Amino acid sequence: MPYRAHPRPLALLLAAVLTSTLTGCALLDRDAAAEPAAQPPAGAAAGGSQLEIPTTVAVGQVSLLQRLGADGPMRTLSVERDGSWQCLDCAGDGVTSRGRLAPELTERLQVLLADPALAQETDQVRRYRATCIDALTSSLLTSSGLITSQDCPGEERTTVAGEILLLLTQATPAEVEG
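Residues numbered from 1 in each chain as written. Predicted model: local features only at pLDDT ≥ 70, side-chain atom pairs only at ≥ 80, totals over all residues. Heavy atoms only, no water.

## A look at the overall build of the protein chain
Each helix and strand counted, the protein chain has 4 helices and 6 strands in total. When its helices and strands are written in sequence order, the protein chain yields α-β-β-β-β-α-α-β-β-α. Considering only contacts in the protein chain between residues 6 or more positions apart, those separated by 24 or more positions represent 54%. Of the roughly 10,800 Å² that the protein chain leaves accessible, carbon and sulfur atoms contribute 57%. (Helix = DSSP H or I, 4+ residues; strand = E, 2+ residues; numbered from the N terminus. Contact = heavy atoms within 4.5 Å. Areas by Shrake-Rupley, 256 points an atom, 1.4 Å probe, with all protein chains shown as cover.)

Below, the structure written as structure tokens:
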């Protein structure tokens, strides 16, 4: 007489395998969701080429990437924890500018970068999508993630990132408006 499996133990075994498989998938999805996705600023991809932008910088550092429209040059401002900054092509002439923020501005910048609310302003959390054409697009790279804004009517401003953008554009050759 051939051996016949009992349906109950087989069902329990299948349930255990299915549960462990789904748990593993859920853990992978959770880990993938915890990592911010790299999202270039609007207009970063032109002519089919993709500009790769890191999603974060070290704690206390910030980088500002700006582009006017889809075809404008990319200006890049990087600020170190000590307030020293370097700006590539800020005037649109290919020149690199360097300087240092005043001590009180460096301190204010560090306070803003450490603000826990900044993490809620990232593109990933806000599910940000660029909506304007030919607008100045500003993207801040922080240790919390990428935070993008555009200079266009109806654009909702982020509180902490907006203050950082204003501080950087007032203290360096970067621009607040196009």
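## Section: the pairing of strand 1 (residues 62–68)
For strand 1, the tally of buried residues reaches 6 of 7 residues, placing the bulk of the element in the interior. Judged from the 6 bridges that link them, strand 1 and strand 2 (residues 74–79) form a sheet pairing that is antiparallel. Within strand 2, the position partnered with Ser63 by the bridge is Ser78. In sequence, strand 1 turns back onto strand 2 through a hairpin of 5 residues, with Gly69 there showing a positive phi of about 70°. Of the strand pairs in this sheet, strand 1 and strand 5 (residues 136–142) are connected by 6 bridges, and their pairing is antiparallel. Directly across from Leu68, in strand 5, lies its bridge partner Leu136. (Buried < 20%, exposed > 50% of the residue type's maximum accessible area, 1.4 Å probe, protein only. Pairing = 2+ DSSP bridges.)

## Some details on the state of the cysteines
Linking two cysteines covalently through their sulfur atoms gives a disulfide. Applying the stated criterion to the full structure yields 2 disulfides. In this model, Cys87 is linked to Cys90 through a disulfide, with the two sulfur atoms separated by 1.3 Å. Judged by relative accessible area, Cys90 falls into the buried class, the value being 4%. Disulfide partner of Cys132: Cys152, at an S-S distance of 2.1 Å. Residues Cys132 and Cys152 are joined through a disulfide that is right-handed, its torsion about the S-S bond being 85°. Taken together, the residues Cys132 in the loop between helix 3 (123–126) and strand 5 and Cys152 in the loop between strand 6 (145–150) and helix 4 (159–171) connect sequence positions 20 residues apart. Taking the relative accessible area as the measure of exposure, Cys132 reaches 23% and is therefore partly exposed. Counting only the cysteines that take part in disulfides, in the order they occur along the protein chain, gives the pairing 1-2, 3-4. (Disulfide = S-S within 2.5 Å.)

## As for the nonpolar core
Grouped together as the largest cluster of nonpolar side chains are 21 residues, with contacts concentrated most on Val62, Leu77, Val79, Leu109, Leu140, Ile164 and Leu168. Of all the elements in the fold, those that place two or more residues in this core are strand 1, strand 2, strand 3 (84–88), helix 2 (103–114) and helix 4. Per element, the largest residue contribution to this core is 6 residues, and it comes from helix 4. Not counting residues within four places of it along the chain, the set of residues in contact with Val79 comprises Gln61, Val62, Ser84, Trp85, Leu101, Leu109 and Leu168. (Core = buried A, V, L, I, M, F, W, Y, C linked by side-chain atoms within 4.5 Å.)

## Section: the pattern of salt bridges
Summed over the entire model, instances satisfying the criterion amount to 4 salt bridges. As a salt-bridge pair, Arg108 and Glu163 come within 2.4 Å of each other at their nearest N and O atoms. Residue Arg108 is located in helix 2, and its partner Glu163 is located in helix 4; the two are separated by 55 residues in the primary sequence. On the basis of relative accessible area, Arg108 is assigned to the partly exposed category, the value being 36%. Between Asp123 and Arg126 there is a salt bridge, with the nearest N and O atoms lying 3.0 Å from each other. Here Asp123 pairs with Arg126, and both are found in helix 3, just 3 residues apart, close to one helical turn. Here Asp123 falls in the buried class, since its relative accessible area comes to 4%. (Salt bridge = Lys/Arg side-chain N within 4 Å of Asp/Glu carboxyl O.)

Just geometry here; none of it tells us what the structure is for.
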